[in-house]
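Coordinate inspection notes
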Amino acid sequence: MTTTENQKKPFPVAPLRIVYLNGSQEMAKAVDNSLVKSRKSLMSSLSFANVIPGYVEPTYIANAHYYRYGTGEGKVVLEDSVRGSDLFIIGDVTNYSVTYKVCGRINHMSPDNYFQDLKRAISAASGQAHRITVILPFLYESRQHRRSGRESLDCALALKELADYGVSNIITF
């Protein structure tokens, strides 16, 4: 949020949209419900809220579909427009309950699978969203912060990759 010199009241930079990765639906819906309630109550007290298109919506969740092919490769399709929006992508890379089939066998989503789907979602919105923020309750590959030998620094590489994809902010707990 930014503040104008005249009003000294916060206002959104762009319309808000939320996309969630498979397995993060509960968290995304809780955030969405909270936003809908708070914006409805704010609308009556803030004079500028009535003139901001998309400030109060019945939901801020944009529909996204995650497809898996028989080889395990994936694809993300955004069904709703995120053009010009302040897009928040919510994902839990440690949720092993989501499954898919590879060559007819059940496979559980790994953190690497989730990270690939995250990049696919970002790519689907790339060049359309005003700003992209990624929310990860557990930061991908965050266990290691420095080298202890000849090993990769996967978290640093992943964060650089997200920045290169156009992510403005990363929120983690």
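A quick note: this is a predicted structure, and the numbers were derived from the prediction, not measured.

1. Describing the pattern of salt bridges
Evaluated as defined, the whole model comprises six salt bridges. The residue R120 makes a salt bridge to D117 at a minimum N-O spacing of 2.8 Å. Of this pair, R120 and D117 both sit in helix α2 (residues 111-125), three residues apart, roughly one helical turn. The class of R120 is partly exposed, set by a relative accessible area of 22%. Here D117 falls in the buried class, since its relative accessible area comes to 4%. A salt bridge links K119 to E161; the shortest N-O distance between them is 2.7 Å. Here the residue K119 occupies a position in helix α2, and E161 occupies one in helix α3 (residues 154-164), the gap between them amounting to 42 residues. Since its relative accessible area comes to 9%, K119 is described here as buried. E161 sits in the partly exposed class, given a relative accessible area of 27%. Ionic contacts of the salt-bridge type, sharing partners, join the residues R68, D117 and R120 into one network.

Calculation criteria
- Residues numbered from 1 in each chain as written.
- Predicted model: local features only at pLDDT ≥ 70, side-chain atom pairs only at ≥ 80, totals over all residues.
- Heavy atoms only, no water.
- Salt bridge = Lys/Arg side-chain N within 4 Å of Asp/Glu carboxyl O.
- Helix = DSSP H or I, 4+ residues; strand = E, 2+ residues; numbered from the N terminus.
- Buried < 20%, exposed > 50% of the residue type's maximum accessible area, 1.4 Å probe, protein only.

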